[in-house]
Amino acid sequence: MASLMEELMGTLVKEERLYAELIPIEEEKTRAIVSNDLEKMQAITEQEREMVDKTTALEAKREEIAHNIATVLGKNPKTITLDEIEDSLKKQPEDRKKLQSIHDALKKTVNRLRDVNEQNKELLVESMDMVEFNMNVLRSAQMTSGSSNYGSDASEINGMAPQHPRFDATQ
């Protein structure tokens, strides 16, 4: 069980570091969104993809370790949480404190990352709304310029006088 705990803690530390490395990338993404730098956004997306691949592998490893710990503890492997694992370490206060510390650091980092991602999401939505607004303005301008083809006296259409005489109410 001790080796499983060490392996779990090591994996959690690696995950926390990886998420911490992702924060400045996401903050750079914020700046790229604000400045509308599409090339920078593309480069950042590639970096994100690489980081996601690494985190996915670590998450799978963490889940496998948690599954093994749950089996040893006689708990449901599908529902076991880090809090339950921490509780199982009551007789090992040093290990429990270490796991709690790692868990707290991971939560803090993930929450910061989530906040930055939420901000980026809002900025992207605003940016898309602005693009849609601009497109609507352009469409409206095209429609307006295409349908207002009367001259200044409203008797000419496209610079040509009508072929029939004006209606005279006195006739």
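Residues numbered from 1 in each chain as written. Predicted model: local features only at pLDDT ≥ 70, side-chain atom pairs only at ≥ 80, totals over all residues. Heavy atoms only, no water.

Caption draft 1: Broad picture of a nonpolar patch on the surface. A cluster of nonpolar side chains, contributed by Met-130, Phe-133 and Val-137, occupies part of the molecular surface with about 290 Å² of accessible area. Take Phe-133: it is sitting in helix H4 (residues 93-147). (Patch = residues over 30% accessible without salt bridge, like charges linked within 9 Å, V, L, I, M, F, W, Y side chains within 5 Å. Areas by Shrake-Rupley, 256 points an atom, 1.4 Å probe, with all protein chains shown as cover. Salt bridge = Lys/Arg side-chain N within 4 Å of Asp/Glu carboxyl O. Helix = DSSP H or I, 4+ residues; strand = E, 2+ residues; numbered from the N terminus.)

Caption draft 2: Structural detail: the packing of helix H1 (residues 2-35) against helix H2 (residues 38-73). It is at 9 Å that the axes of H1 and H2 come closest, and there the two elements cross at 160°. Classified by the interaxial angle, the pair formed by H1 and H2 is roughly antiparallel. Once H1 is placed against H2, the crossing between them reads as left-handed. Of the residues contributing to the contact of H1 with H2, the split by class is 17 nonpolar, four polar and 13 charged. (Axes fitted to C-alpha atoms, helices over the stretch in contact; angles between N-to-C directions. Parallel < 35°, antiparallel > 145°, perpendicular 65-115°, else oblique. Left-handed = near helix turned anticlockwise from the far one by under 90°. Nonpolar A, V, L, I, M, F, W, Y, C, P; charged D, E, K, R; others polar.)

Caption draft 3: How the structure looks around the nonpolar core. Met-5, Leu-8, Leu-12, Ile-69, Ile-85 and Leu-99 are the most contacted members of the largest nonpolar core, which has 28 residues in total. Elements with a contribution of two residues or more to this core: H1, H2, helix H3 (82-87) and H4. When residues of this core are assigned to their parent elements, the largest contribution, 12 residues, is made by H1. (Core = buried A, V, L, I, M, F, W, Y, C linked by side-chain atoms within 4.5 Å. Buried < 20%, exposed > 50% of the residue type's maximum accessible area, 1.4 Å probe, protein only.)

Caption draft 4: Up close: H2. Relative to the 52 Å expected for 36 residues at 1.5 Å per residue, H2 spans 50 Å between its end C-alpha atoms, a close match to the ideal helical length. Capping of H2 at its N-terminal end is provided by Asp-37; its side-chain oxygen lies 3.4 Å from the backbone amide nitrogen of Glu-39. Downstream of H2 by one or two residues, Gly-74 has phi in the positive range, about 75°. (Expected span 1.5 Å × (residues − 1). Polar contact = N/O pair within 3.5 Å; in protein donor to acceptor, adjacent residues only side chain to side chain.)

The values reported here are purely geometric and, on their own, carry no functional implication.
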